[in-house]
Amino acid sequence: MLTQDEMNKMDAIMQSHEYQQTAVIAILQEVQKEYRYLPEDALCYIAKGLKLSEAKVYGVATFYENFSLEPKGKYVIKCCDGTACHVRGSIPILEEFRKQLGVSEKKPTTDDMLFTVETVSCLGACGLAPVCTVNDVVHAAMTTKKAADLIKQLKEEAANEN
Amino acid sequence: MKISTREELEARRQEYKQALNSQYKQILICAGTGCVAGGSLEIYARMQELIEAKGLKCSVRLEKEPHEPSIGLKKSGCHGFCEMGPLLRIEPMGWLYIKVKVDDCEEILEKSILADEVIDRLVYKDKDGNAYQKQEEIPFYKQQTRVALEHCGHINAESIKEYIAVGGYSALAKALFDMTSEEIVDEITESSLRGRGGGGFPTGRKWAQVLRQTEPTKYVVCNGDEGDPGAFMDRSMMEGDPHRVIEGMIIAGVATKATHGYIYVRAEYPLAVARLQRAIEQAEEYGLLGENILGSGFDFDLRISQGAGAFVCGEGSALTASIEGNRGMPRVKPPRTVEKGLFEKPTVLNNVETYCNVPPIINKGAKWYATMGPENNHGTKAFALTGNVQNTGLIEVPMGTTLREVIFDIGGGVKGGNFKAVQIGGPSGGCLCINATEDHLDMNLDFDSLKKVGAMIGSGGLVVMNDKSCMVEVARFFMNFTQNESCGKCVPCREGTKRMLELLTDIVEGRGTLEHIDMLEELAQTISATALCGLGKTAASPVVSTLKYFRDEYIAHVVDKKCPAGQCKALISLQIDPELCKGCSKCARMCPVGAISGEIKSPFKIDQTKCIKCGACRDGCNFHAVKEV
């Protein structure tokens, strides 16, 4: 169930788009920013608000790769596997991240909800291949060692915050 | 702030030019995605801090009055030389400093800004040790002709004033006041500008078709859904010169009598979205977007629509479906986008780079444009040069430049091995290569020449591959991409790409037979002939093209069960050469699965049943004793 606060937030987002049905993708993007994923209740609430069927909103949410119906970790690591990164060895880096965190393609998020590892087809930073991003910050010219260091650093950062 | 006449625009231009000229030195720090990742924003902040600490006047934006002498400090768009980033350019000398660090800022300010001394350590040197102070003299830049990328890296990407100062929006004024819609369309047609998004459809013809429609509501849409892996030309243009894109789109509006515009940008480009948003707000504030632009009576509004991660949305009808808030699936054509596009209205849909070419054509004329490139392929083309090449980055060359010039003169040659092939046009394109029967290195890069050899310019991604790249694996890589991105609407693409991927996976994992190759060819033909949209029709191109030029590699995989490039893990085994092994035990310590054993000072051995072929032993051996066989 959504709390009143959450409903208010979503109303504000929909209002900023004047409840336009055509803005459903932009609205979903903003809602996802709030939750880091799209909860089922939120999808239903948006459908009602925009006077769209739940099936339609679900259809849009599942079509686009950026939308996730599963909760994601605090740090979302996106490993670029575009052509340029691929030929410069992106797969060993992806494997290093997965090994470090004990995650896989089927189970991309760690149990403590700290990390999610996924691949992305191209970030357009091909000149710096291979690259990855952590919550949209680009890390260039990755190596397996840099990947391991990055995880260590992020873990420390998270520990210090708590 | 609103500019309400053409004369006022010219007056403002003079004023901004003066302000720009009063900056006796200008520091342009690259703020493209690449250099930002390298820390260019920290360099920018440090520079500003240092200049102000010295009590000097630092202009981060163009001030109106007074025009006191100052140092201009700006975030520019992508300079293109991403490999060497972060980049810093100093005007008016045109010096380019590479791989700049925050610690270098003080020295740069003391020597190069306050004095006129160049810092040798920071200039580019080629592999023979020749140093190049000026950006334009570096071989990477020297052979380029920049039209669409003209301002990228040379002006402040976040300032409409600088854009106006260097001649921005003058083409729009000309289109609004000196030309009729028909004349603009004729000029574009005569220039033979062709769509830079891949297909190469004549832009003038497209515009003429939209102009003919009697429907009062029409749209201008810019396709910034640059999803091809290995391409980032459009991203750099949107980030580095957003006003140029906007100006091109408004001119398209004037030419086709369309009054609403959308820029569709993929969500993976947050910086491009931010820069465009800011540019649109500035243009609205200056009266260059909105109602009654420059007092001409012409209205045009522009919005950004963000994608959400679907490659197929680069296809016209899928893109418009996505802007409308639907699943981005292509539809059957006709009706075509020019008749029934966005919201069922006539729509001009062009790529970012195409719009960037419009203002110079209007300003300098179709005849000037036709001086570049071969017949029917006029103008320049931006390419993203990546992969196993010395100088990766963004380049722009006249159409018809040869592949050799691009890879060896501009790109500085192949990295980590010998030249094997170039993948051009992304997952819809093919490869160019050099082998016993073919030599594509001296082929012209233009729409028509590439079509003849089964490749296409596509959006302009050029991925160079050395002899350590396995072409079967490359084909599998692209098929994996296309299969992932297939929207699932039509059966040939949905099922066909899946089956092709399975066949290719079998081959690289050592389960392939000659029948696999026959089946691949049959499927490729069927999918190309029957798929609904461009994505499906071209999905098999990388396979067809690699089969054509590297058939022997496929045969080696399925018959000899060998990967000639040594890339396919299932087909290689790692062995220690007893002659070279010194028995140091380093490999045994590095092996993550404990597959290596032996006695100190006598040759070690790899247990093939345990080996996971990770290559750690090979990479770690100081005596190159670990071999792939």
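The model shown is predicted, which means the values in this text are computed figures rather than measured ones.

What counts, and at which threshold
Residues numbered from 1 in each chain as written. Chains lettered and ligands numbered in written order. Predicted model: local features only at pLDDT ≥ 70, side-chain atom pairs only at ≥ 80, totals over all residues. Helix = DSSP H or I, 4+ residues; strand = E, 2+ residues; numbered from the N terminus. Rg over C-alpha atoms; globule rule 2.2 N^0.38 Å. Buried ≥ 20, exposed ≤ 12 C-beta atoms within 10 Å, placed from the backbone. Contact = placed C-beta atoms within 7 Å. Core = buried A, V, L, I, M, F, W, Y, C linked by C-beta atoms within 7 Å. Pairing = 2+ DSSP bridges. Axes fitted to C-alpha atoms, helices over the stretch in contact; angles between N-to-C directions. Right-handed = clockwise from strand over helix to strand, strands pointing away. Left-handed = near helix turned anticlockwise from the far one by under 90°. Nonpolar A, V, L, I, M, F, W, Y, C, P; charged D, E, K, R; others polar. Parallel < 35°, antiparallel > 145°, perpendicular 65-115°, else oblique. Domains from an automatic or database assignment. pLDDT = per-residue confidence, 0-100.

Points about the overall build of chain B
Point 1. Within chain B, the secondary structure is distributed over 25 helices and 20 strands.
Point 2. Relative to the 2.2 N^0.38 estimate, which gives 25 Å for 629 residues, the radius of gyration of chain B is 27 Å and therefore close to what a compact globule would have.
Point 3. With respect to the three principal axes, the spread of C-alpha positions in chain B is 85 × 65 × 40 Å.
Point 4. Burial statistics for chain B: of 629 residues in total, 54% are counted as buried.
Point 5. Taking the intrachain contacts of chain B between residues at least 6 apart in sequence as the baseline, contacts between residues at least 24 apart amount to 71%.

Quick look at the nonpolar core
Point 1. Ranked by internal contacts, the top residues of the largest apolar core, which has 231 residues, are A:I46, A:V131, B:I251 and B:V422.
Point 2. Other than its neighbours up to four places away in sequence, A:V131 contacts A:C80, A:C85, A:L123, A:A125, A:V138, A:H139, A:A140 and A:M142.
Point 3. In this structure, B:C587, B:C591, B:I606 and B:C617 belong to the second largest nonpolar core, which totals twelve residues.

Section: the sheet that holds strand β2 (residues 115-120) of chain A
Residues and elements named next belong to chain A.
Point 1. Strand order across the open sheet formed by four strands is β2-β1-β3-β4, with mixed pairing between neighbours. Two strands lie at the open edges of the sheet, namely β2 and β4 (137-139), each paired on one side alone. Neighbour-to-neighbour, the strand axes of this sheet turn through a mean angle of 25 degrees, independent of strand direction.
Point 2. The pairing of strand β1 (residues 75-80) with β2 spans six bridges and is classified as parallel.

Digging into the pairing of strand β10 (residues 301-306) of chain B
Residues and elements named next belong to chain B.
Point 1. The sheet contact formed by strand β9 (residues 260-265) and β10 spans six bridges and is parallel. Of the residues in β10, the one forming a bridge with V265 is Q306.
Point 2. Assessed by its sense of winding, the connection that carries the chain from β9 through helix α12 (residues 270-285) to β10 is right-handed.

Some points on the packing of helix α10 (residues 233-240) of chain B against α12(B)
All names here are of chain B.
Point 1. Where α10 contacts α12, the axes come no closer than 8 Å and their chain directions differ by 35 degrees. As for how α10 packs across α12, the hand of that crossing is left-handed. Note on element contacts: α12 touches α10 through L271, A272, R275 and L276, opposite R235, M238 and E239.
Point 2. Counted by class, the contact of α10 with α12 contains four nonpolar, no polar and three charged residues.

Here we look at the pairing of strand β4 (residues 88-91) of chain B
All names here are of chain B.
Point 1. Relative to β4, strand β1 (residues 23-30) is paired through four bridges, and the arrangement is antiparallel. Bridge pairing links I29 to L88 in β4.
Point 2. Of the pairings in the sheet, the one linking β4 to strand β5 (residues 95-97) comprises three bridges and is antiparallel in character. Paired with L88 across the two strands is Y97, which belongs to β5.

A word on the sheet that holds β9(B)
Backbone hydrogen bonds are what pair the strands of a sheet, in a parallel or an antiparallel way.
Residues and elements named next belong to chain B.
Point 1. What the four strands build is an open sheet, ordered β10-β9-β8-β11; its pairing is parallel. What marks the edges here is a single partner per strand, and that holds for β10 and β11 (347-351). On average, each strand axis in the sheet is tilted by 20 degrees relative to the strand beside it, whichever way the strands run.
Point 2. Sheet topology note: the strand β8 (residues 219-224)/β9 ladder contains six bridges and is parallel. Considered in β9, the bridge of Y219 is made with H260.

A closer look at the packing of helix α3 (residues 40-50) of chain A against helix α4 (residues 54-63) of chain A
Residues and elements named next belong to chain A.
Point 1. It is at 8 Å that the axes of α3 and α4 come closest, and there the two elements cross at 125 degrees. Considered as vectors, α3 and α4 are oriented oblique to each other. By crossing handedness, the relation of α3 to α4 is classed as right-handed. Between α3 and α4, the residues in contact are L43, C44, I46 and A47 and E54, V57, Y58 and A61, respectively.

As for the domain arrangement of chain A
Point 1. Taken domain by domain, chain A holds domain 1 (4-63) and domain 2 (75-161).
Point 2. Its C-alpha centre places domain 1 of chain A at a distance of 29 Å from the equivalent point of domain 2 of chain A.

A word on the confidence of the model for chain B
All names here are of chain B.
Point 1. Confidence in the prediction for chain B averages 92 pLDDT; 99% of positions are at 70 or higher.
Point 2. Within chain B, the element-level pLDDT minimum falls on strand β2 (residues 58-59), averaging 84, and the maximum on helix α11 (residues 242-256), averaging 98.
Point 3. The ipTM for the predicted assembly is 0.89, set against a pTM of 0.92.

Regarding helix α7 (residues 170-177) of chain B
Point 1. Among all positions of α7(B), only B:A171, B:L172, B:A173, B:A175 and B:L176 are buried.
Point 2. Its buried side turned inward, α7(B) meets α1 (6-21), α8 (181-191), α11 and α14 (352-364) of chain B.

Here we look at unusual backbone geometry
Point 1. A cis amide bond links A:A129 to the next residue, A:P130, at an omega of -10 degrees.
Point 2. With respect to the helices and strands, the residue A:P130 is situated in the loop between β2 and β3 (132-134).
Point 3. In this model, B:P334 is joined to B:P335 through a cis peptide bond whose omega is 0 degrees.
Point 4. Among the structural elements, B:P335 can be located in the loop between α13 (316-323) and β11.
Point 5. Not every positive phi belongs to a glycine, and B:N292 is a case in point at roughly 50 degrees.
Point 6. Tracing the sequence through the fold places B:N292 in the loop between α12 and β10.

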